[in-house]
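Read off the chains here:
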Amino acid sequence: MPKLKFMTLARHIIEGEKLHPGATGELSKLLSDLSLAAKVISLEVNKAGLADILGFTGDNNVHGEQVKKLDIYAHDMMIRAMDHGGHLCIMASEEEEDIIHIPNRFRIGKYVLLFDPLDGSSNIDANISIGTIFSIYRRISPEGEPGTLEDCLQQGLNQVAAGYIVYGSSTILVYTAGHGVHGFTLDPAFGEFLLSHEDIKTPKKSKIYSINEGNYKYWHPGLKKYIKYLQEEDEATERPYSSRYIGSMVADIHRNLLFGGIFMYPADSRNPNGKLRLMYECNPMSFIVEAAGGRATNGKKRILEIQPTSLHERTPIFIGNEEDVKLVEEFMAKEEVQVQVQE
Ligand code: AFP
């Protein structure tokens, strides 16, 4: 493997900016601020268990789920790192019901930041990889004024950048700002994110599927058939596939992005919109996976083309390698036709 250039995230962002004549440098500064928040959260995640930070706060978040202290820490840290840079007009977090305004004392900028401060947080106590996901849009409301809910409720297609940080065996930050998908590993000695995965391209086809099979009984009949198909033996199509499911979307998708794989969180008869949130999880991850050559849909429609109507809405998602995602869509469409014929 050829040696990578010794490239810090900060330098990479500046180099990327030069590819866009007329860029003001604001997006670069915003991404640098985000990387600082990531370093601080990473440090705290690594201290989990040592610092008296594990355990529940006793509160429920807006989705009725129990909140852990690290979720709150990461949420607060993101806001503290991002509210005063002068680049943002509004923020929204998976952990807060309403939009988050920029305090009056700070300059109001032209960008919008949506984030999931700690995805997969139910895994914290078991030392399993978790992550932060972020999504950046340009505001659509008039500049100079406070941002609005409408600034946040944009189609994923409008993202100008998106990224995630996985706190795993090492901490890695992956982002795209329209010129490829790049990964940076945090060097704990220097405290710097160093380029480790340049221009990530996901394979066209995979051998891994990731889904919570405990929900099998409640799935669409086409999805049931697709999963059974993946488990059959066939040399030509490299089946059976391997099943890998961490239960931490950001870590599951990161693995699949690198090695190839399809991640699914479908609708089922109990949850018609699936579980995952469009704005904080599905849009940013879809933006990244598509930029790496993959595909992401809700089974029928491209995730990035869904027009959001509320901040915390959920969507089913099928995301990963192009051929695999297309195939699951075909399986589900076929069954739909049969159901309609029977009716
Ligand atoms: P938590 O943040 O509550 O752990 O949820 C994680 C998550 O949103 C996503 O990261 C996982 O892929 C998914 O939920 C796992 O859900 P199931 O436990 O239903 O499989």
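Residues numbered from 1 in each chain as written. Predicted model: local features only at pLDDT ≥ 70, side-chain atom pairs only at ≥ 80, totals over all residues. Heavy atoms only, no water.

A.B. asks: So what's going on with the sheet that holds strand 11 (residues 208-210)? Which residues, and what values?
C.D. replies: Across the sheet, five strands lie side by side as 12-11-13-15-14; this open sheet has mixed pairing. The open sheet is flanked by strand 12 (242-243) and strand 14 (295-297), the only strands paired with a single partner. One ladder, built from two bridges, connects strand 11 with strand 12; its direction is parallel. Paired with Tyr209 across the bridge in strand 12 is Ser243. (Pairing = 2+ DSSP bridges. Helix = DSSP H or I, 4+ residues; strand = E, 2+ residues; numbered from the N terminus.)

A.B. asks: Break down the sheet that holds strand 10 (residues 192-197) for me, with residues and values.
C.D. replies: The eight strands lie next to each other as 4-3-5-6-7-8-9-10, forming an open sheet whose pairing is mixed. The open sheet is flanked by strand 4 (100-101) and strand 10, the only strands paired with a single partner. Packing against the sheet, helix 3 (residues 69-82) makes contact with strand 3 (88-93), strand 4, strand 5 (111-119) and strand 6 (130-138), and its axis sits at approximately 155° to strand 5. Across the sheet, helix 7 (residues 278-291) lies against strand 3, strand 5, strand 6, strand 7 (159-167), strand 8 (171-176) and strand 9 (181-187), angled at about 100° from strand 7, the strand it touches most. (Contact = heavy atoms within 4.5 Å. Axes fitted to C-alpha atoms, helices over the stretch in contact; angles between N-to-C directions.)

A.B. asks: I'd like to hear about the packing of helix 1 (residues 9-18) against helix 2 (residues 26-47), residue by residue, with values.
C.D. replies: Their axes nearest at 10 Å, the elements helix 1 and helix 2 cross at an angle of 160°. When the axes of helix 1 and helix 2 are compared, the pair comes out roughly antiparallel. Both helix 1 and helix 2 take part in a crossing whose hand is right-handed. Across from Leu9, Ile13 and Glu17 in helix 1, the residues of helix 2 making contact are Ser28, Leu31, Ser32 and Ser35. Broken down by class, the residue content of the contact of helix 1 with helix 2 amounts to three nonpolar, three polar and one charged. (Parallel < 35°, antiparallel > 145°, perpendicular 65-115°, else oblique. Left-handed = near helix turned anticlockwise from the far one by under 90°. Nonpolar A, V, L, I, M, F, W, Y, C, P; charged D, E, K, R; others polar.)

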